Amino acid sequence: MKVIICGAGRVGYGIAERLSQEDNDVSVIDISAALIAAITETLDVSGVVGHGAHPEVLARAGAEEAEMIIAVTLHDEINMVACQVAHSLFKVPTKIARIRAQSYLAPEYSDLFSRDDMPIDVAISPEIEVGKMALRRISYPGATDVVRFADDKIVMLAIECMEDCPVVNTPLQQLTELFPDLKATVTAVFREGKLFVAKSADELQTGDLAYVVCDAAHVRRTLSLFGHEEQEARRIVIAGGGNIGLFVAKTIEQFQPRTRVKIIENDRERAIHIADQLRNTVVLHGSALDQKMQQQADMENADLFVALTNNDQINILGSVMAKSLGCKQSLVLLNDPAFHDLIDSMDIDAHINPRAVTISGILQHVRKGRIRSVYAVQKGSAEVIEAEALETSPLVGTSLRDLDLPDGIRIGAIYREGTVLPPSGELRIKAKDRVVLLATGDAVRHVQQLFRVSIQYF
């Protein structure tokens, strides 16, 4: 597939890296010659220095043959115009744009991104996606990563196996026998820097990060089985009143009215602005690194500190200070990948990688076949995928034990007519079933083949 990516920053680089590894023909456009040089030297992609919305630049990048354009520059307007030019002049079939300004995404302007107006097929809002991720983490304390699938009926949890984890040194098959009514499947394990697909004979070890796919109704029980009994936070302090912090606070006010939220915002005008939009949230003007300000926020009695500023250093140091003052848990937004490995040595419970969230949101529209949702884990070494099985799929009608699946794929759950079914040897996938599975990076292409629309389908 021929793909053009406008923007060679962190997100653009990440998408180019994933797509080039899968033998796609990728061209990257950026006004920075240094970024283009860096991406072409390290990845198997072609680079074009220039403005991503200019017709001649898109032409040099091969827009006439492109099947997709992904515009992820830092500027919404460039992303939108690039998609418009790609549509009007080059008839590019699929157009994806990263849109940050929330005014473009307001419900009253929902018709803006349509084929008759601004022909953008998919508008990705990183701030909303990151905000949703933060809310999922808040809802399930004890999990280091949380993603919902199948109309929110299936959940993928990343669960750390601590020293007191009851299920370590127990074969996974035995866990299924001990808890036959628990709809939860360990699909993969991250151990000592490497991720591998879990098999029935495998045993979890202390320090492992287990990727578990389970029925949403069984999440609490699954976390408890792994030794995580953390209670949902009722007193939350948020550092940063930007679009993400405001979105999180508004959503908590709407759906968790008994939760007490405080926001620390350093910019006075912004603090006044968000205070006018929130009903029950206390907004404090000051620095999240000011100990007196944290004390004023009653950090000693807080259940959770959520750092959502644009500054990684403030997020990290603010979280360390919060924990030292007595806050029970912390959740940190980290933009710079260099910090991800460092926080393991700090007293930080979980972090959010906005780049990974954005890339995952885009990948589900890049993947071929009936792919409904995609979430990348461990820097893209694997993907959790939700896909719909069609009548022509080779999965349909054969019992799971007789399926000849590649080693890099493990099915976690099946969603059928409103019911979550755990995988078992005798279970047969039916047409229209939605399958949630984990696939390693080199097995993703097999997943796409398994769920692609065959010519016989028409």
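Residues numbered from 1 in each chain as written. Predicted model: local features only at pLDDT ≥ 70, side-chain atom pairs only at ≥ 80, totals over all residues. Heavy atoms only, no water.

Named according to an unreviewed UniProt entry, the chain is Trk system potassium uptake protein TrkA originating from Mycoplana azooxidifex.

Q: Quick rundown of the overall build of the chain? Include the residues and the values.
A: Tallying secondary structure elements over the chain gives 13 helices and 22 strands in all. Relative to the 2.2 N^0.38 estimate, which gives 23 Å for 458 residues, the radius of gyration of the chain is 23 Å and therefore close to what a compact globule would have. Residues classed as buried in the chain amount to 53% of the 458 residues present. In the chain, the share of contacts with a sequence separation of at least 24, taken over all contacts with a separation of at least 6, comes to 64%. If you sum the accessible surface of the chain, you get close to 20,900 Å²; carbon and sulfur atoms cover 48% of it. (Helix = DSSP H or I, 4+ residues; strand = E, 2+ residues; numbered from the N terminus. Rg over C-alpha atoms; globule rule 2.2 N^0.38 Å. Buried < 20%, exposed > 50% of the residue type's maximum accessible area, 1.4 Å probe, protein only. Contact = heavy atoms within 4.5 Å. Areas by Shrake-Rupley, 256 points an atom, 1.4 Å probe, with all protein chains shown as cover.)

Q: Describe in detail the sheet that holds strand β6 (residues 122–124), supporting the description with residues and values.
A: Read from one edge to the other, the open sheet built from six strands follows the order β3-β2-β1-β4-β5-β6, with strand pairing classed as parallel. At either margin of the open sheet sits one strand with a lone partner, and together these are β3 (46–49) and β6. Pairwise comparison of adjacent strand axes, ignoring direction, gives a mean angle of 15 degrees for this sheet. Examined bridge by bridge, strand β2 (residues 25–30) and β3 share four bridges and lie parallel to one another. For Val 28, the partnering residue across the bridge sits in β3 and is Gly 47. (Pairing = 2+ DSSP bridges. Axes fitted to C-alpha atoms, helices over the stretch in contact; angles between N-to-C directions.)

Q: Account for the UniProt feature "domain: RCK N-terminal" (unreviewed entry) in the chain, with residues named and values stated.
A: If you check UniProt for "domain: RCK N-terminal" (unreviewed entry), the listed places come out as residues 1–124 and 233–352 in our numbering. Regarding residues 1–124, the helix share stands at 35% and the strand share at 22%, and the terminal C-alpha atoms are separated by 21 Å. (UniProt positions renumbered as here; feature names shortened; annotations may be inferred.)

Q: Before we move on, can you summarise the UniProt feature "domain: RCK C-terminal" (unreviewed entry) in the chain with the specific residues and values?
A: Per the UniProt entry, the sites bearing "domain: RCK C-terminal" (unreviewed entry) are residues 144–228 and 372–453 in this numbering. With 16% helix and 38% strand, residues 144–228 has its two end C-alpha atoms placed 11 Å apart.

Q: Tell me about the environment of Leu 105, residues and numbers included.
A: Tracing the chain through its elements places Leu 105 in the loop between β5 (94–98) and β6. In sequence terms Leu 105 and Val 155 are 50 residues apart; their C-alpha atoms lie 27 Å from each other. Ignoring anything within four residues of it in the chain, the contact list for Leu 105 reads Ile 99, Phe 113, Ala 123, Ser 125 and Ile 128.

Q: I'd like a rundown of the pairing of strand β12 (residues 235–239), residues and numbers included.
A: With four of its five residues buried, β12 lies for the most part within the structure. For the handedness criterion, the β-α-β arrangement of β12, helix α8 (residues 243–255) and strand β13 (residues 260–265) is classed as right-handed. In this structure, β12 lies alongside strand β15 (residues 304–307), joined through four bridges in parallel fashion. Looking at β15, one finds that Ile 238 is bridged to Val 306. (Right-handed = clockwise from strand over helix to strand, strands pointing away.)

Q: Talk me through the domain arrangement of the chain; I want residue IDs and the actual numbers.
A: For the chain, the assigned domains read domain 1 (2–124), domain 2 (235–327) and domain 3 (360–451). One C-alpha centre belongs to domain 1, the other to domain 3, and the line joining them spans 28 Å. Summed over both partners, the interface of domain 1 with domain 3 buries about 890 Å², with 68% contributed by carbon and sulfur atoms. Its largest share of buried area at the contact with domain 3, domain 1 owes to Arg 18, Glu 22 and Ile 124, together 49% of the area lost on that side. Where domain 1 meets domain 3, there are one salt bridge. The salt bridge involving Glu 383 is made with Arg 18; its shortest N-O contact spans 2.2 Å. Where domain 1 meets domain 3, there are one residue pair in polar contact (both at pLDDT 80 or more). Going through the elements one at a time, α1 (10–21), β4 (68–71) and β6 are the ones with two or more residues in the side of domain 1 that touches domain 3. No other element matches the three residues that α1 contributes to the side of domain 1 that touches domain 3. (Domains from an automatic or database assignment. Buried area = accessible area lost by both parts, 1.4 Å probe. Salt bridge = Lys/Arg side-chain N within 4 Å of Asp/Glu carboxyl O. Polar contact = N/O pair within 3.5 Å; in protein donor to acceptor, adjacent residues only side chain to side chain.)

Q: I'd like a description of the pattern of salt bridges, backed by residues and values.
A: Considering all chains together, one arrives at 18 salt bridges under this definition. The residue Asp 151 makes a salt bridge to Arg 434 at a minimum N-O spacing of 3.2 Å. Note that Asp 151 is positioned in the loop between β7 (143–149) and β8 (154–160) and Arg 434 in strand β22 (residues 434–440), a separation of 283 residues in sequence. One network of salt bridges, with partners in common, ties together Asp 151, Glu 386 and Arg 434.

Q: Quick rundown of the nonpolar core? Include the residues and the values.
A: With 46 residues, the main nonpolar core has Phe 149, Ile 154, Met 156, Tyr 211, Ile 238 and Val 248 as its most contacted residues. Summarising the domain contributions, this core has at least three residues from each of domain 2 (235–327) and domain 3 (360–451). In contact with Phe 149, not counting residues within four places along its chain, are Ile 154, Met 156, Ser 373, Tyr 375, Val 384, Glu 386 and Val 436. By size, the runner-up hydrophobic cluster in this structure holds 44 residues, among which are Leu 19, Ile 36, Ile 96 and Val 447. (Core = buried A, V, L, I, M, F, W, Y, C linked by side-chain atoms within 4.5 Å.)

Q: Could you give an account of the confidence of the model for the chain, naming the residues involved and the relevant values?
A: In this model, the chain carries an average pLDDT of 92, and 98% of its residues clear a pLDDT of 70 or more. In the predicted structure, residues 454–458 sits below a pLDDT of 50 and forms six contacts with residues beyond four places in sequence or in another chain. (pLDDT = per-residue confidence, 0-100.)

Q: Provide a residue-level description of the side chain of Lys 262, including the pertinent values.
A: Mapped onto the fold, Lys 262 is located in strand β13. Asp 298 provides the closest opposite charge to the buried, salt-bridge-free Lys 262, at an N-O distance of 4.8 Å. With residues near it in sequence (within four places) discarded, Lys 262 still touches Ile 236, Val 237, Ile 238, Thr 281, Val 282, Gln 296, Ala 297 and Asp 298. (Lys, Arg positive; Asp, Glu negative; His and termini not counted.)

Q: Talk me through the environment of Phe 190; I want residue IDs and the actual numbers.
A: Along the chain, Phe 190 turns up in strand β9 (residues 184–191). Judged by its relative accessible area of 22%, Phe 190 falls in the partly exposed class. Put simply, Phe 190 and Val 377 are 187 residues apart on the chain and 9.9 Å apart in space, counted from C-alpha to C-alpha. The residues touching Phe 190, leaving out its near neighbours within four places in the chain, are Leu 195, Asp 208, Leu 209, Tyr 211 and Gln 378.

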